[in-house]
Every structure is written in structure tokens, then in C-alpha cells.
Amino acid sequence: MAKLIITDAEGATRDFPLSKERVSIGRHPDNDISLNDKAVSGRHAVVITILRDSFLEDLNSTNGTQVNGKQIAKHPLSNGDTISIGRNTLKYQSEVVAGEDDDFERTMILRPGQMGAAFESQVNKAAASAPGHEPPAGGKPLVGKLRVASGPNAGKELELTKALTTIGRPGVQVAAITRRADGYYIVHVGGSSGGQHPLVNGQEIDAQARKLNNGDTIDLVGTKMTFLLGA
């Protein structure tokens, strides 16, 4: 089971197991994790845990929430992440399974409920712009996958079996890959990243959904991935 190791301003530490789906953090004593610190808002943040994945969300707090020194609104937590709330630090320690490494999915694949209803509505609207042609007679839609081509997760693969897969990092760069009868399409959804859209074969994705071809290279939030199409 994942847990938070909490260190307060006086240096006292305690462990808090993430046994609930939703764990509230704030100054008020009725929070699951109550922090006696005037720099902490009454309802400051929440950790949502779904199976083995945990996500941190700031609840529009006055002084904000940081992960590894960076201000966040919503953030998928990885083993070893350090959360700063007021003068308190909370270190996230995940359940480690020997031989298993899901860093790629933990940091790149955005799950329902992680981004908020407004953003997910934007994702669905953007993905709906992809065509929906019928497959050739007697044809069977092929299954696509992404293979990481750079960084520590090089070689990891993700099968695109869902109708919609959202990848990236909220507030930075996000794209949606939608599976249609005649193939896969990628569309830019949002993010700051200097205004730059994700790249396919070195070219920015425009406002229209772009069909992916076998061997295409996708560059998103500094990670290069190869799109592969097979039976």
C-alpha cells in the first residue's frame, strides 16, 4: 500500500497509509491529514488513489502546493516525490513490485478523473474531430501501440486498445489518440509548452486531427514515441 511520510516544521515525522480513495489535507482538524500550520489552507489539497495510482490535486489553496519544488494544480505521483505544503513535507512512497516499472504509464497516460470535468470535455470535443470512416469490406481494424524511443523508459510499449487514450502532462502538453474504424488519429488538446503543439515526424500537429501511420514518430513533453500498427 502506498503511503505519505509526513515531516512537520518541527521535524517530527509520521506515516499515513493511503488506504482510502480520497485523502484530504489541510489545516482544519477534520481533514484526513491535519497540518497545524497557518501557511496551510483549511482545505488545501487532496490525494486520490485508484488501484496503485495516486494523484495529487491542489484545492485552490492560498499558498499553493509544490511537488519536487514545482507549483502544481494536479499531478500524478511517482515513488519518491516530495510534496511541500506550507512548512510541511510529505514524501510519497508507492507500493513497489519487484521487477515492475510503470513510470511511463504513471507519468504519461492520463486517466479519467485526473484532469477534471472541464478538461476532459475539451479532450472529448477535440477527439471528436477525427473522421469515422467505415473499414474496408471484410477488413479487421489493426491494433496500434506506442513504443518509447527515448529516455529511461525506452523500449516500453503501450497498446492503444481503447477508443480514446489521452497522453501528456496537464498544463504542459496533452494530446489525445482516438481509435477509429479506419485507423488512429492524434489531436492536440492543450498545454503551455511555449505554445508548441506535439510533433509528429518533426512537424507540429495543427487544429485538425492527424491520421497516424505505421512508424510515425511522436514527440510529446520531451518524450519520443514510435507509433506501430499491427494485427
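Residues numbered from 1 in each chain as written. Predicted model: local features only at pLDDT ≥ 70, side-chain atom pairs only at ≥ 80, totals over all residues. Heavy atoms only, no water.

Student: So, the environment of Ser34: which residues are in play, and what are the values?
Tutor: Inspection of the secondary structure assignment puts Ser34 in strand β4 (residues 33-34). Every residue in contact with Ser34, bar those within four places of it in the chain, is listed here: Arg14, Gly26, Arg27, His28 and Pro29. One polar contact links the side chain of Ser34 to the main-chain carbonyl oxygen of His28, over a distance of 3.4 Å. (Helix = DSSP H or I, 4+ residues; strand = E, 2+ residues; numbered from the N terminus. Contact = heavy atoms within 4.5 Å. Polar contact = N/O pair within 3.5 Å; in protein donor to acceptor, adjacent residues only side chain to side chain.)

Student: Tell me what's going on with the pattern of salt bridges, and back it up with residues and numbers.
Tutor: Summed over the entire model, instances satisfying the criterion amount to 9 salt bridges. For Asp182, the salt bridge identified is with Lys211, shortest N-O distance 3.9 Å. Residue Asp182 is located in the loop between β16 (173-180) and β17 (183-190), and its partner Lys211 is located in strand β20 (residues 210-211); the two are separated by 29 residues in the primary sequence. The exposure class assigned to Lys211 is partly exposed, which follows from its relative accessible area of 35%. (Salt bridge = Lys/Arg side-chain N within 4 Å of Asp/Glu carboxyl O. Buried < 20%, exposed > 50% of the residue type's maximum accessible area, 1.4 Å probe, protein only.)

Student: Explain the pairing of strand β21 (residues 217-220) to me, using residue names and the numbers behind them.
Tutor: Where a strand is regular, its side chains alternate between the two sheet faces. Pairing of strand β18 (residues 199-200) with β21 involves 2 bridges; the strand directions are antiparallel. Residue pairing for β21: Leu199 is matched across the bridge by Asp219. Both β21 and strand β22 (residues 223-230) contribute to a ladder of 4 bridges, which runs antiparallel. Note on β22: the bridge partner recorded for Asp219 is Lys224. Once β21 ends, the chain turns through 2 residues before running back antiparallel as β22, passing Val221 with a positive phi of about 40 degrees. (Pairing = 2+ DSSP bridges.)

Student: Any chance you could break down the nonpolar core for me, citing the residues and the numbers?
Tutor: Counting 20 residues, the largest nonpolar core has Leu4 and Ile33 as the members making the most contacts within it. At the level of secondary structure, the elements contributing two or more residues to this core comprise β1 (3-7), β3 (22-26), β5 (45-50), β10 (82-85) and β11 (88-93). Apart from residues no more than four positions distant in its own chain, Leu4 is found in contact with Arg14, Asp15, Phe16, Leu18, Ile33, Val47, Ile83, Leu90, Lys91 and Tyr92. Listed in part, the 16 residues of the second largest apolar core include Leu146, Leu160, Leu212 and Ile218. (Core = buried A, V, L, I, M, F, W, Y, C linked by side-chain atoms within 4.5 Å.)

Student: Before we move on, can you summarise the pairing of strand β13 (residues 143-148) with the specific residues and values?
Tutor: The alternating pattern of β13 places Gly144, Leu146 and Val148 on a buried face and Val143, Lys145 and Arg147 on a face that is not buried. Sheet topology note: the β13/β22 ladder contains 6 bridges and is antiparallel. Residue Lys145 lies in a different strand from β22, and its bridge partner there is Leu228. As paired elements, β13 and strand β14 (residues 157-160) share 4 bridges and run antiparallel to each other. Bridging from a neighbouring strand, Arg147 pairs with Glu157 of β14.

Student: Account for unusual backbone geometry, naming residues and giving values.
Tutor: Peptide bonds are mostly trans, and most non-glycine residues show a negative phi. The phi dihedral of Asn60 falls on the positive side, at around 55 degrees, and the residue is not glycine. Its place among the elements puts Asn60 in the loop between β6 (53-58) and β7 (65-67). Under the relative-accessibility criterion, Asn60 is labelled exposed at 74%.

Student: An account of the sheet that holds β13 is requested, with residue identities and associated values reported.
Tutor: With antiparallel pairing, 6 strands are arranged side by side in an open sheet as β14-β13-β22-β21-β18-β19. Because the sheet does not close on itself, it has two edges, and the strands there are β14 and β19 (203-204).

Student: Give a detailed account of the confidence of the model for the chain, specifying residues and quantitative values.
Tutor: Averaged over every residue, the pLDDT of the chain is 81; residues scoring 70 or more account for 75%. Across residues 97-101, confidence stays below pLDDT 50; counting only partners more than four residues off in sequence or on other chains, it has 4 contacts. Across residues 133-138, confidence stays below pLDDT 50; counting only partners more than four residues off in sequence or on other chains, it has 5 contacts. (pLDDT = per-residue confidence, 0-100.)

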